[in-house]
Amino acid sequence: MSRRQGQMKLGGFFHPTGSHVAAWLHPDAQIDAGVNFRHYVELAQIAERGRFDLLFIRDSAATRDGRLEVLSRWPQYMCYLEPTTLLAGIAALTERIGLIATLTTSYNEPYNVARRIASLDHISAGRAGWNVVTSSNVAEAYNFCRERHIEHAERYDRAHEFLEVVKGLWDSWDDDAFVRDRATARYFDPTKIHHLNHKGAHFSVRGPLNAARPPQGYPVIAQAGASEAGKEFAAETAEVVFTPLDSLAKAKAFYADMKGRMAKYGRDPGHLKIMPGLNPIVGSTEAEAREKHEYLQSLIHPDVGRELLSWDLGGADLSDVPIDQELPYDRIPKDTNASKSTLERLMDMARSEKMTVRDLYRRYGGARGQHTLVGTPAQIADSMEEWFLNWGVDGYLVQPAHSPEGLREFVDMVVPELQRRGLFRTEYEGRTLRDNLGLPRPVSRYAKTPAREAALEEMGS
């Protein structure tokens, strides 16, 4: 495959205080970030100044379970704002940047999600996206009348049906259904509203949605799953994929795999943007960048390091394991509902380098397996360019180690270097998220296209 041309895409993944597990302890981090609306607005405006395509807000419908004494030292996802509410506020104070909210298909209903994301697309004038996830946090089940988390296979089966119902609801009204004509006293054309009448294994939804068709047709669909089921789901349905990749070889393999799966679903590989996480720590010199990184690493409390690993190793009890001992594999549960791709990634990392508990939490705590780059703007741009030009990525999801300063440094130091090399835009291409990502606007399933008219004629004959 030849070296590619064109420009990469950039998104921002904003953990409240930063992606590093000890970010909240950094004196430059916004300490109350999880509930500080102005903090998120500042991040969005910095990213928009850097011409980022989008920002992405993670979510979970529960706090973490675990040892509260330890969790009190790790507040990253214990108390934070609901994403669609947050992004609706940000939409009013930005103009071009895309706004992607995470909403689980495991503990929501399709109608509610369809309405909330459609509303966000209208409020933002076509900049909304939905990160479609299946819940990995077992504690979510207990908040939704369940005593046990939904099994992995069932979660993905439910997610497929959920997404199809949401898309069907977004097609409830034709694009030109609302005539709003005072002269004829007609507000909408009654022939241009559609009842979905869906009855499936998981959902029964009549419709129609009480929201007009979104400006983008469908808000942009993102996915983050890296398991086999997650990759197949993304190949069929996603337009953006967020995934952890820590080497160019793995990135190229994942890129080829994902793009290669799309043909059987009749999809153009260019209509899926692969944007792995990137954890950049920038300095005016390499020594300065390494000093910044080591300072953050020094802030990780050993108990937090153990709890972090325990969380993603399916609940393995590491509380009494000396941190300079090799990871005890016999403590890792064989039957767990935790994210399989994350667990496998951690296990591969630990085994390949025979890591101690301390080694592993220092490596993992900085970016949860995402690609970490520590260096000057030119060094960081060199690596980003190499991955992009060699078909490893379509762009990156930038995760500042601490916020807002880490994002500001990336925008002020790395983005100009990428622009100088012609690798990133200097102005937005359009006004909607689809415009800027180069994605087509989906046609309604009820639109009168030649192909649809022929299919309807054949069904009637």
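Shown above is the structure to which this text applies.
The text that follows walks through the structure, step by step, so that each part is easy to find. (Residues numbered from 1 in each chain as written. Predicted model: local features only at pLDDT ≥ 70, side-chain atom pairs only at ≥ 80, totals over all residues. Heavy atoms only, no water.)

**Regarding the overall build of the chain**
1) Next: When helices and strands are counted, the chain shows 15 helices and 12 strands.
2) Next: Over its C-alpha trace the chain gives a radius of gyration of 23 Å, about what one expects of a compact globule, namely 23 Å for 461 residues.
3) Next: On the principal axes, the C-alpha backbone points of the chain span a range of 75 × 55 × 45 Å.
4) Next: Split into buried and exposed, the 461 residues of the chain put 56% on the buried side.
5) Next: Long-range pairs, those at least 24 residues apart, make up 76% of the contacts in the chain between residues at least 6 apart in sequence.
6) Next: As displayed, the chain offers around 19,800 Å² of accessible surface, 50% of which is attributable to carbon and sulfur atoms.
7) Next: Mean positive and mean negative side-chain charge positions of the chain (57 and 63 charges, respectively) differ by 3 Å. (Helix = DSSP H or I, 4+ residues; strand = E, 2+ residues; numbered from the N terminus. Rg over C-alpha atoms; globule rule 2.2 N^0.38 Å. Buried < 20%, exposed > 50% of the residue type's maximum accessible area, 1.4 Å probe, protein only. Contact = heavy atoms within 4.5 Å. Areas by Shrake-Rupley, 256 points an atom, 1.4 Å probe, with all protein chains shown as cover. Lys, Arg positive; Asp, Glu negative; His and termini not counted. Charge placed at Lys NZ, Arg CZ, Asp CG, Glu CD.)

**Some points on the pairing of strand β12 (residues 395-398)**
Note on strand geometry: in a regular strand, side chains alternate between the two faces of the sheet.
1) Next: The side-chain alternation of β12 yields two buried faces, one formed by Gly 395 and Leu 397 and the other by Tyr 396 and Val 398.
2) Next: Pairing between strand β1 (residues 9-13) and β12: four bridges, direction parallel. Considered in β12, the bridge of Leu 10 is made with Tyr 396.
3) Next: The sheet contact formed by strand β10 (residues 277-282) and β12 spans two bridges and is parallel. Pairing of Gly 277 across the sheet is with Leu 397, part of β12. (Pairing = 2+ DSSP bridges.)

**A short note on the nonpolar core**
1) Next: In terms of nonpolar packing, the biggest core is built from 79 residues, with Met 8, Leu 10, Phe 52, Trp 130, Trp 170, Met 384 and Leu 418 touching the most fellow members.
2) Next: Take this core: its biggest share by element is eight residues, from helix α5 (residues 152-170).
3) Next: Judged by nonpolar contacts, the second largest core, of 32 residues, contains Val 70, Leu 299, Ile 323 and Tyr 364. (Core = buried A, V, L, I, M, F, W, Y, C linked by side-chain atoms within 4.5 Å.)

**Quick look at helix α1 (residues 37-49)**
1) Next: Between its first and last C-alpha, α1 extends 18 Å over 13 residues, near the 18 Å set by a 1.5 Å rise per residue.
2) Next: Next to the buried residues of α1 lie β2 (54-57), α3 (83-91) and α13 (405-420).
3) Next: The N-cap of α1, judged by a side-chain oxygen 3.2 Å from the amide nitrogen of Arg 38 a few residues on, is Asn 36.
4) Next: Of the residues flanking the end of α1, it is Arg 51, one or two places downstream, whose phi is positive at about 60 degrees. (Expected span 1.5 Å × (residues − 1). Polar contact = N/O pair within 3.5 Å; in protein donor to acceptor, adjacent residues only side chain to side chain.)

**Some details on the side chain of Lys 9**
1) Next: Secondary-structure assignment places Lys 9 in strand β1.
2) Next: Here Lys 9 sits buried without a salt bridge, and the closest side chain of opposite charge, Asp 53, lies 4.2 Å off (N-O distance).
3) Next: Among all residues touching Lys 9, those that are not within four sequence positions of it are Asp 53, Met 275, Asp 394, Gly 395, Tyr 396, Phe 424, Arg 425, Glu 429, Asn 436 and Leu 437. (Salt bridge = Lys/Arg side-chain N within 4 Å of Asp/Glu carboxyl O.)

**Points about the pattern of salt bridges**
1) Next: Applying the stated criterion to the full structure yields 35 salt bridges.
2) Next: Close ionic contact of Arg 51 with Glu 427 constitutes a salt bridge, the shortest N to O distance being 3.3 Å. Highlighted residues: Arg 51 in the loop between α1 and β2 and Glu 427 in the loop between α13 and α14 (433-437), separated in sequence by 376 residues.
3) Next: The partner of Asp 246 in a salt bridge is Lys 250, with the nearest N and O atoms 3.1 Å apart.

**Side note on helix α8 (residues 286-298)**
1) Next: Spanning 13 residues, α8 covers 18 Å between terminal C-alpha atoms, matching the ideal 18 Å at 1.5 Å per step.
2) Next: All of the buried residues in α8 are Ala 289, His 293, Leu 296 and Gln 297. Down the axis of α8, the buried set is contained in an arc of 105 degrees. They therefore lie on one face. Exposed side chains of α8 directed beyond 90 degrees from the buried face belong to Ala 287 and Glu 291.
3) Next: The inward-facing, buried residues of α8 contact β10, α11 (357-365) and β11 (371-375). (Arc of directions from axis to C-beta.)

**Describing the environment of Glu 288**
1) Next: The residue Glu 288 is located in helix α8 in this model.
2) Next: For Glu 288, a relative accessible area of 30% corresponds to the partly exposed category.
3) Next: C-alpha separation for the pair Glu 288 and Gly 375, spaced 87 residues apart in sequence, amounts to 7.9 Å.

**A look at the packing of helix α9 (residues 302-312) against α11**
1) Next: At their nearest, the axes of α9 and α11 sit 9 Å apart, and the two run at 75 degrees to each other. Overall, the two elements α9 and α11 adopt an arrangement that is roughly perpendicular. In this structure, α9 uses Pro 302, Gly 305, Arg 306, Leu 308, Leu 309 and Asp 312 to contact α11, whose residues at the interface are Val 357, Leu 360, Tyr 361, Tyr 364 and Gly 365.
2) Next: Its residues placed into classes, the contact of α9 with α11 shows seven nonpolar, two polar and two charged. (Axes fitted to C-alpha atoms, helices over the stretch in contact; angles between N-to-C directions. Parallel < 35°, antiparallel > 145°, perpendicular 65-115°, else oblique. Nonpolar A, V, L, I, M, F, W, Y, C, P; charged D, E, K, R; others polar.)

**Details of the packing of aromatic side chains**
Each aromatic ring pair is described using two quantities: the centre-to-centre distance and the angle formed by the ring planes.
1) Next: Scanning the model with the defined rule gives 14 aromatic pairs in all.
2) Next: Here the aromatic rings of Tyr 107 and Phe 144 are separated by 5.3 Å at their centres, their planes lie at 20 degrees, and the arrangement is stacked. Here Tyr 107, found in the loop between β3 (98-104) and α4 (110-123), pairs with Phe 144, found in the loop between β4 (128-133) and α5; they are 37 residues apart in sequence, far enough to count as distant.
3) Next: For Tyr 107, a relative accessible area of 6% puts it in the buried group.
4) Next: Phe 144 gets classed as partly exposed once you look at its relative accessible area, which sits at 35%.
5) Next: Between the aromatic rings of Phe 178 and Tyr 187, the centroid separation amounts to 6.1 Å while the plane-to-plane angle is 80 degrees, which identifies the pairing as edge-to-face.
6) Next: Positioned over the ring face of Trp 74 is Arg 64, at 3.8 Å from the centre of the ring. (Phe/Tyr/Trp six-rings, centres within 6.5 Å; stacked < 30°, edge-to-face > 60°. Lys NZ or Arg CZ within 6 Å of the ring centre and 35° of its normal.)

**Concerning the sheet that holds β3**
1) Next: Ordered by their spatial adjacency, 10 strands build an open sheet running β9-β8-β7-β4-β3-β2-β1-β12-β10-β11, and the pairing between neighbours is parallel. Looking at strand neighbours, the two that pair on one side only are β9 (273-274) and β11, the edges of this open sheet.
2) Next: The strands that α3 touches are β2 and β3; relative to β3, the one it contacts most, it runs at about 170 degrees.

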